[in-house]
Amino acid sequence: MGEFGNFLIQNLGDFWTYTGIYNATWQHFAMIAIGIFFIYLAVAKEFEPMLLIPIGFGMLIGNIPFNMDAGLQVGLYEQGSVLNIFYQGVQQGWYPPLIFLGIGAMTDFSALISNPKLMLIGAAAQFGIFGAYMIALALGFDPMQAGAIGIIGGADGPTAIFLSSKLAPNLMGAIAVSAYSYMALVPVIQPPIMRLLTTSKERVIRMKPPRAVSHTEKVIFPIVGLLLTCFLVPSGLPLLGMLFFGNLLKESGVTRRLAETARGPLIDVITILLGVTVGASTQASEFLTLDSILIFGLGALSFIIATTSGVLFVKFFNLFLSKENKINPLIGNSGVSAVPDSARISQHVGLEYDPTNYLLMHAMGPNVAGVIGSAVAAGVLLGFLL
Amino acid sequence: MNKNKFGILSMLLAVVVAFASCKPAVEGEETGSKILINEVLMVNETNYQDDYGMHSAWVELFNKSYGNYNVASHMLKFSNTPGDTASYFIPKGDVLTLIPPRQHTLFWADGQPERGTFHVNFLLDPTQETWIGIYDGGNKLLNEVTIPANILAVDQSYARAIDGENKWEIRGEGTSKYVTPSTNNFTLDKNVKMEKFQVQDANGIGMAISAMAVVFSGLLLLFIIFGSIGKVSTWWALRTAAKAKGLSDEETKESMTKGSTPGEVFAAIAMAMHELQEDVHDHEDTVLTIEKVERRYSPWNSKIYSLRELPRK
């Protein structure tokens, strides 16, 4: 009985070393707290719930402590574990293009086609990427890491994941969480900058209503868009190719079922897998580092620079436009490609100063141009650095 | 219309410029073959050993592509004299014939094919000009190399300076040019691009300027092209509409210069009409009664969904 008792005690002792309680560190609890905070933001404040709930819950999954030496094959970073298999889509970079397929199938580029000059605002807002790149270099990151960090300023989660998986895989978790967090915080970050940089007269500029766009133009757009951008930046092909392909499915009018699948079930499935695995990739041992804190700081800066450059570019552009063609600088922020949040911000801030001036349709132009612009910028960074 | 013509002309010009700027064919450039002969060593005394511990001559193949390449069913051919060619058929069924992306494999020219897949049935003679070629299963020449007579000393190889590229050189002569069996001829021991940026663009301004120039160029091109397409499209739509109404060219021009009515006007008219049409009845008092409906039959409790059919004999 005594021997059997010892066996039982030893067995329970072994089991105890396998429990989360035994293996927990303060870092695990810190990450779990951040995960719960994300879920709180999503549920109570409705900040990007589709992203923050999967990411927040993923953080909980990824930060359950366990005995890493036991070879249980449960962790995200353990080769062959279920989570690791899900994570391959992030690591190998095939989730982001599928997300772009869905985005293409749900995006109406009419606002952009009807007023193509708004594309330049989408380009101007990409200064955020390169501003953050320069600051990251100054902080001691190497060019590849700085490029991956800078892309947070593109305000495009899939693009950030795609690029960081190629340029700085070890920073991908921090970059992805930072990008999605700031996308959710666009309503907090952008309005003060927009108010600061515009005059009361500029905020009430009324823009000409967009013209009707023909079906032919809508079909031509993804084809010409793909050819032009990818001939210029072939390294952006996975993202741009899928974006424009999705848009052609939508606009061709003859592939309704495919378009509905791309913008519905497919993007939902990939969003779930992407969100959960990105969240789970923030395993405390890999994530809680000084670099992650710096990346969060740089992410905020990149959003501020992107918004600033978008608004200032519109003001500069207006110098060359006739009175009736002037652009309301409040849509400059929407060059930051957090679709459609930054366009919504333009609308809300615009309505504060003129309740009859609806800027949403105009803001959608630079907003979707920002998506193209950030994918092109990612391609340029890949081409230059890889 | 002049603007439209200008738009079309600028697009045509862009197409011409694009074609003119296409990469010209370089003389002597390799064909599109994915598999290349990459290095040959003809007299092996102290160099790489095979699985039998023997020092034999070898031919290195390189998979230039970024996908796997299987050399099974291919032919390695060798000749010292025109019209006298030895052929070695690379057997099927050996998993090792699958060469991973950008990787190499060695064939031993020891004249003893019975020793395995990678031992060919010919020997190399450095005193004569030697031609080696690799053919696919359909006997199509994929790649070839001719090694002049007497240029290779003992343990020297004839190799591409950089894997997959055209320039050949003799290796094993000095300390800088190593013989590199089954590995890269040119070792990438640093990220050249990144080092260039670190040295010449430490603060990132160069990257910011060049990358933003590319981003702006891309979107500027889209702006120019869709500006032109939009003008053509608007003109075409108005023209078609005018023709449908039976207007003459003059009247069409006039209708085009009148300008378009703002969308808000149409929206306001439509909303007013909608309200008018919806407001045909007076508001009446209504009583909503909900009664429970008792239904004895439902497809959910049907026996045909709960019983299995009897098997047919």
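1. As for the overall build of chain A
For chain A, the helix and strand inventory stands at 21 helices and zero strands. Seen along its three principal axes, the alpha-carbon backbone of chain A occupies a region of about 95 × 45 × 40 Å. Residues counted as buried form 58% of the 386 residues belonging to chain A. Long-range pairs, those at least 24 residues apart, make up 76% of the contacts in chain A with a sequence separation of at least 6. For chain A, the exposed area adds up to about 15,800 Å²; of that, 69% sits on carbon and sulfur atoms. Chain A carries 18 positive and 20 negative side-chain charges, and their two centres are separated by 20 Å.

2. Examining the interface of chain B and chain A
In this assembly, 35 residues from chain B lie in contact with 41 residues from chain A. Across the chain B to chain A interface the summed buried area is about 3,100 Å²; carbon plus sulfur atoms make up 83%. Scanning the region where chain B abuts chain A turns up zero salt bridges. Joining chain B to chain A, the criterion identifies two residue pairs in polar contact (both at pLDDT 80 or more). For the side of chain B that touches chain A, the secondary structure elements donating two or more residues are α2 (192–200), α3 (205–244) and α5 (263–278) of chain B. Element by element, the count of residues in the side of chain B that touches chain A is highest for α3 of chain B, at 23 residues. When grouped by side-chain class, the residues that make up the side of chain B that touches chain A number 20 nonpolar, twelve polar and three charged.

3. Notes on the packing of helix α21 (residues 360–385) of chain A against α3 of chain B
Following both chains from N to C, one finds α21 of chain A and α3 of chain B inclined at 135 degrees, their axes separated by 9 Å at the closest point. Judged on the interaxial angle alone, α3 of chain B and α21 of chain A are oblique. α3 of chain B is crossed by α21 of chain A, and the crossing has right-handed handedness. Between α21 of chain A and α3 of chain B, the contacting residues are A369, I372, G373, V376, A377, V380, L381, F384 and L385 of chain A on the first element and M207, S210, A211, V214, V215 and L219 of chain B on the second. The residue makeup of the contact of α21 of chain A with α3 of chain B, split by class, is 13 nonpolar, two polar and no charged.

4. Overview of the confidence of the model for chain A
Per-chain confidence: chain A averages 90 in pLDDT, with 100% of residues scoring 70 or above. Element-level mean pLDDT values for chain A span from 79 in helix α18 (residues 284–287) of chain A up to 94 in helix α16 (residues 237–252) of chain A.

5. A word on the domain arrangement of chain B
Domain boundaries in chain B define domain 1 (35–189) and domain 2 (191–246). In this structure, domain 1 of chain B and domain 2 of chain B have C-alpha centres spaced 48 Å apart.

6. Examining the pattern of salt bridges
Residue and element names in this part refer to chain A. Across all of its chains, the model carries eight salt bridges over all chains by this definition. D354 is paired through a salt bridge with R206; the nearest N and O atoms lie 3.2 Å apart. In this pair, D354 sits in the loop between α20 (341–353) and α21 while R206 sits in the loop between α14 (200–203) and α15 (215–232), placing the two residues 148 residues apart along the sequence. Judged by relative accessible area, which is 45%, R206 ranks as partly exposed.

7. A word on the sheet that holds strand β8 (residues 130–135) of chain B
Residue and element names in this part refer to chain B. Spatially, four strands are ordered β5-β4-β8-β9 in an open sheet, and the strand pairing comes out antiparallel. Of all the strands in the sheet, just β5 (84–89) and β9 (141–147) have a single pairing partner and so form its edges. Pairs of neighbouring strands in the sheet enclose a mean axial angle of 15 degrees, with direction left out of account.

8. Describing the layout of surface pockets
Residues and elements named next belong to chain A. Size it by volume and the second largest pocket reaches roughly 950 Å³. Lining the second largest pocket are 34 residues, and of these E48, M50, L51, V339 and P340 sit closest to its centre. Of all the elements in the fold, those that place two or more residues in the lining of the second largest pocket are α4 (49–62), α6 (95–106), α12 (172–184), α17 (256–280), α20 and α21. Of the residues forming the lining of the second largest pocket, the biggest block, five residues, is contributed by α17.

9. Examining the sheet that holds strand β11 (residues 168–171) of chain B
Residues and elements named next belong to chain B. Read across the open sheet, the five strands follow the order β7-β2-β1-β10-β11; overall the sheet is antiparallel. Bordering the open sheet on either side are β7 (104–109) and β11, each of which pairs with just one other strand. When strand polarity is set aside, the average angle formed by the axes of neighbouring strands in this sheet is 30 degrees. Direction of pairing for strand β2 (residues 57–63) relative to β7: antiparallel, over a ladder of six bridges. In the sheet register, E60 faces β7, and the bridge partner there is L106.

10. Some words on the confidence of the model for chain B
With 75% of its residues at a pLDDT of 70 or more, chain B has an overall mean of 80. Under the prediction, the complex receives an ipTM of 0.85, its pTM being 0.78.

11. Description of the pairing of β2 of chain B
Residue and element names in this part refer to chain B. Among the seven residues of β2, seven are classified as buried, and the element is accordingly described as predominantly covered. Neither face of β2 is open: one carries A57, V59, L61 and N63, the other W58, E60 and F62, and all of them are buried. Here strand β1 (residues 35–41) runs beside β2; their pairing, made up of six bridges, is antiparallel. By the bridge assignment, V40 is partnered in β2 with V59.

12. With respect to α21 of chain A
In this model, α21 of chain A (26 residues) spans 37 Å end to end at C-alpha, consistent with the 38 Å of a helix rising 1.5 Å per residue. Most of α21 of chain A sits out of view: 21 of its 26 residues are buried.

13. Points about the environment of L294 of chain A
Residue and element names in this part refer to chain A. The residue L294 is located in helix α19 (residues 290–318) in this model. Considering only alpha carbons, one finds L294 and I345, 51 residues apart in sequence, at a separation of 27 Å. Not counting residues within four places of it along the chain, the set of residues in contact with L294 comprises L139 and F141.

14. Points about a nonpolar patch on the surface
All names here are of chain A. Taken together, the side chains of F15, Y18, L72 and V74 define a hydrophobic patch exposed on the protein surface, amounting to about 390 Å² of accessible area. With respect to the secondary-structure elements, V74 resides in the loop between α4 and α5 (82–91). Classification of V74 as partly exposed rests on a relative accessible area of 44%.

15. Notes on α12 of chain A
Residue pairs three or four apart in sequence face the same way in an α-helix, which turns once every 3.6 residues. Compared with an ideal rise of 1.5 Å per residue, which puts 13 residues at 18 Å, α12 of chain A spans 18 Å between its outermost C-alpha atoms and is within 8% of the ideal. In terms of burial, α12 of chain A is largely enclosed, as 13 of its 13 residues are buried.

What counts as what
Residues numbered from 1 in each chain as written. Chains lettered and ligands numbered in written order. Predicted model: local features only at pLDDT ≥ 70, side-chain atom pairs only at ≥ 80, totals over all residues. Heavy atoms only, no water. Helix = DSSP H or I, 4+ residues; strand = E, 2+ residues; numbered from the N terminus. Buried < 20%, exposed > 50% of the residue type's maximum accessible area, 1.4 Å probe, protein only. Contact = heavy atoms within 4.5 Å. Areas by Shrake-Rupley, 256 points an atom, 1.4 Å probe, with all protein chains shown as cover. Lys, Arg positive; Asp, Glu negative; His and termini not counted. Charge placed at Lys NZ, Arg CZ, Asp CG, Glu CD. Buried area = accessible area lost by both parts, 1.4 Å probe. Salt bridge = Lys/Arg side-chain N within 4 Å of Asp/Glu carboxyl O. Polar contact = N/O pair within 3.5 Å; in protein donor to acceptor, adjacent residues only side chain to side chain. Nonpolar A, V, L, I, M, F, W, Y, C, P; charged D, E, K, R; others polar. Axes fitted to C-alpha atoms, helices over the stretch in contact; angles between N-to-C directions. Parallel < 35°, antiparallel > 145°, perpendicular 65-115°, else oblique. Left-handed = near helix turned anticlockwise from the far one by under 90°. pLDDT = per-residue confidence, 0-100. Domains from an automatic or database assignment. Pairing = 2+ DSSP bridges. 1 Å grid on protein atoms, 1.4 Å probe; cavity = no way out; pocket = protein on both sides within 12 Å on 5 of 7 lines; lining within 4 Å. Points joined across faces, edges and corners; volume = space filled by probe spheres on them. Expected span 1.5 Å × (residues − 1). Patch = residues over 30% accessible without salt bridge, like charges linked within 9 Å, V, L, I, M, F, W, Y side chains within 5 Å.

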